Amino acid sequence: MGARATKPRRGSLEGRARERGEASTATAARAAASDGSDSDEGPPPPPWVKRDDATVETEVNDPEAWINDALAGSAMGEALIRRCGVIAKKWADAMPKSTWLRITKSGRLVKEMRESAPVIVRTMAYVDAMAVPENRDEKCTIVDLCSGFGYLAMFLSELLPKEKVEEIVMVDKMWAMFGTEPKSHHINWAHVYGEGEWRYEWPIALSTRKVDLKDRAQVKQMANHLFSRWNGPFIVLGIHLCGILSIKAVEIFNRHSNVKQLILKPCCLPDFSWTYKEEYFEVGSHKHRIPTKEVCSRGKWKKNKWIGPPRHTLKVKFEAWNDHLCRSIDEEEGNVRSEVQEIKVQEKHFQNLFIFSEREVTRKCIAEEATGTRFPTPSGTEAGRWCPTGTGYGTHVKNSRQ
Ligand SMILES: C[S@@+](CC[C@H](N)C(=O)[O-])C[C@H]1O[C@@H](n2cnc3c(N)ncnc32)[C@H](O)[C@@H]1O
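About the thresholds
Residues numbered from 1 in each chain as written. Predicted model: local features only at pLDDT ≥ 70, side-chain atom pairs only at ≥ 80, totals over all residues. Heavy atoms only, no water. Helix = DSSP H or I, 4+ residues; strand = E, 2+ residues; numbered from the N terminus. Buried < 20%, exposed > 50% of the residue type's maximum accessible area, 1.4 Å probe, protein only. Contact = heavy atoms within 4.5 Å. Areas by Shrake-Rupley, 256 points an atom, 1.4 Å probe, with all protein chains shown as cover. Near = heavy atom within 4 Å. Polar contact = N/O pair within 3.5 Å; in protein donor to acceptor, adjacent residues only side chain to side chain. Nonpolar A, V, L, I, M, F, W, Y, C, P; charged D, E, K, R; others polar. Core = buried A, V, L, I, M, F, W, Y, C linked by side-chain atoms within 4.5 Å. Pairing = 2+ DSSP bridges. Axes fitted to C-alpha atoms, helices over the stretch in contact; angles between N-to-C directions. Phe/Tyr/Trp six-rings, centres within 6.5 Å; stacked < 30°, edge-to-face > 60°. Lys NZ or Arg CZ within 6 Å of the ring centre and 35° of its normal.

Taking an unreviewed UniProt entry as the reference, the chain is identified by name as Methyltransferase domain belonging to Ostreococcus tauri.

Encoded structure:
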């Protein structure tokens, strides 16, 4: 196992005081955002926010008030929450009602925003610290891994300065392929690309990329068609990544020399079945070994009931998991600093750990270096062609830079 020169530091609990100070008059949305518990009796953490009729009405009729109320006390701080409220109002005014309702109806927007608050704050600070690039090719690209619907990307598009950020790429296996019509099982992308005659002008271009992060060939294509295409810097975000998807995010950071920052918020632990197949997950060129028995867990939620070992035992595993992920990030002889920070975004759950990693000196990413593969690829795909299969269907969308 490669040794790390410095141990990751555990950070302070940003925003904890604010969380504790929340007014008791919080709306159902706000209360539900921190619903559930890690006790063995508690309900599972809902992937949505329960809403009463009054909340739904406010979402539709007064989005600004809704956001201000629902995000109050989050790590964003008042000024940023107010900006988000104004953004929500802008969307509600600009989008067809069907699109706006799709954005709000699952109740996920508020939950994701509360839990992504530290990510938004950090990303804004990273971009703030960047000089305005002279040339377009050196503008920052943000890659949101496992983006889901893309709430984080949508807010970042409105919040970040467009003179510094060229594009926000939402990567998820559930997007449709470029050039195809999304089917019902795909994430609906009308809010990204519009529907019918209607289009929304995102201040910073949003694009979708269908990638299964567990498919090595697809990840290599991303190196070829995305990371090695622009000088960077890139910022990679991985929020609520389940199981070994967190390892995939770390590998993406390790392999691409033009990724400046990684922010990773792991979600659930890898499944226990991994322990039957592997003794270790080995990550990074320093070959950091993560013992599967130390981090994999049995158990799942079934009809709101936890079937598995006592939940408190998972907390210890979750900390070990985050610690190992942090150690899996290659230090590059002092060029990369990484740390795990606990930031209380969920009141009663232990999934409050964030991994922040920063590469001091970045350099252009060479696809062959990042993938270990020479292009043309063994399958005969010609490097440099944006459409990897040659069939007319690529995994990503052409944008203004292509
Ligand atoms: C828990 S959600 C996270 C969504 C969002 N980032 C958030 O903060 O809530 C997990 C997302 O990961 C995507 N996903 C799951 N497995 C994947 C894989 N192998 N490759 C790419 N995306 C995957 C799912 O489609 C889903 O949108």
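Past the structure itself, the notes keep going.
So, on to the overall build of the chain. Each helix and strand in the chain was counted, giving 15 helices and 11 strands. Burial statistics for the chain: of 402 residues in total, 53% are counted as buried. Counting contacts in the chain only where the partners sit at least 6 residues apart, residues at least 24 apart contribute 74% of the total. In the form shown here, the chain has an accessible surface area of approximately 18400 Å², with 50% of it arising from carbon and sulfur atoms.

The next subject is the site of the ligand. For the ligand, the set of nearby residues contains 15 residues, the closest of which are Cys146, Asp172, Asp212, Ile239 and His240. A distance of 2.8 Å separates a nitrogen atom of the ligand from a polar atom in the side chain of Asp212. For the ligand, whose free accessible area comes to 600 Å², the fraction covered by protein is 83%. Residues that form the shell around the ligand fall into these classes: six nonpolar, three polar and six charged.

Here the focus is the nonpolar core. Core analysis: the largest hydrophobic core is formed by 57 residues, its most contacted members being Met76, Trp91, Leu109, Ile120 and Leu237. When residues of this core are assigned to their parent elements, the largest contribution, nine residues, is made by helix 7 (residues 108-129). Every residue in contact with Trp91, bar those within four places of it in the chain, is listed here: Trp100, Met154, Phe155, Glu158, Tyr200 and Trp202. In terms of nonpolar packing, the next biggest core, distinct from the first, is built from 47 residues, Val219, Val259, Cys326 and Ile329 among them.

Once that is clear, we can look at the sheet that holds strand 11 (residues 353-359). On the basis of which strands lie adjacent, the open sheet formed by seven strands has the order 3-2-1-4-5-11-10 and mixed pairing. Where the open sheet ends on each side, the last strands, each with one partner, are strand 3 (205-210) and strand 10 (336-342). Neighbour-to-neighbour, the strand axes of the sheet open up by a mean angle of 15°, direction not taken into account. Summarising the sheet, strand 4 (residues 234-241) and strand 5 (residues 259-266) pair through seven bridges and their orientation is parallel. Note on strand 5: the bridge partner recorded for Phe234 is Val259. Here helix 8 (residues 151-159) sits on the sheet and contacts strand 1 (140-145), strand 2 (165-172), strand 3 and strand 4; the angle it forms with strand 2, its principal contact strand, is near 175°. With respect to the sheet, helix 11 (residues 245-255) is in contact with strand 1, strand 4, strand 5, strand 10 and strand 11, its orientation differing from that of strand 5 by roughly 170°.

For the rest of this paragraph, the subject is the pairing of strand 1. Counting buried residues along strand 1, six of its six residues qualify, which places the element largely inside the surrounding structure. Along strand 1, one buried face is formed by Cys140, Ile142 and Asp144 and the opposite face, lined by Thr141, Val143 and Leu145, is buried too. As defined by bridge partners, strand 1 adjoins strand 2 across six bridges and the pair is classed as parallel. The residue bridging Cys140 from the neighbouring strand is Val165, located in strand 2. Note: strand 1 against strand 4, five bridges, orientation parallel. Directly across from Leu145, in strand 4, lies its bridge partner Gly238.

Burial analysis of helix 11 places nine of its 11 residues in the buried class, which makes it a mostly covered element. Among all positions in helix 11, only Leu245, Ser246, Ile247, Ala249, Val250, Glu251, Ile252, Phe253 and Asn254 are buried.

Attention shifts here to the packing of aromatic side chains. In total, this model carries 12 aromatic pairs according to the counting rule given. Relative to Tyr193, the ring of Trp189 has its centre 5.1 Å away and its plane inclined at 85°; by these criteria the two rings are edge-to-face. Note on Tyr193: relative accessible area 22%, which makes it partly exposed. Centre to centre, the rings of Tyr200 and Trp202 are 4.5 Å apart; their planes meet at 65°, and the pair counts as edge-to-face. Of the two residues examined, Tyr200 and Trp202, each falls in the buried class. Here the aromatic residues Trp91, Phe155, Tyr200 and Trp202 are joined through ring pairs into a cluster of three or more. A cation over a ring is seen here: Lys277 above Trp274, with NZ or CZ 4.2 Å from the ring centre. Geometry around Phe272 places Arg298 over its ring, the cationic atom sitting 3.8 Å from the centre.

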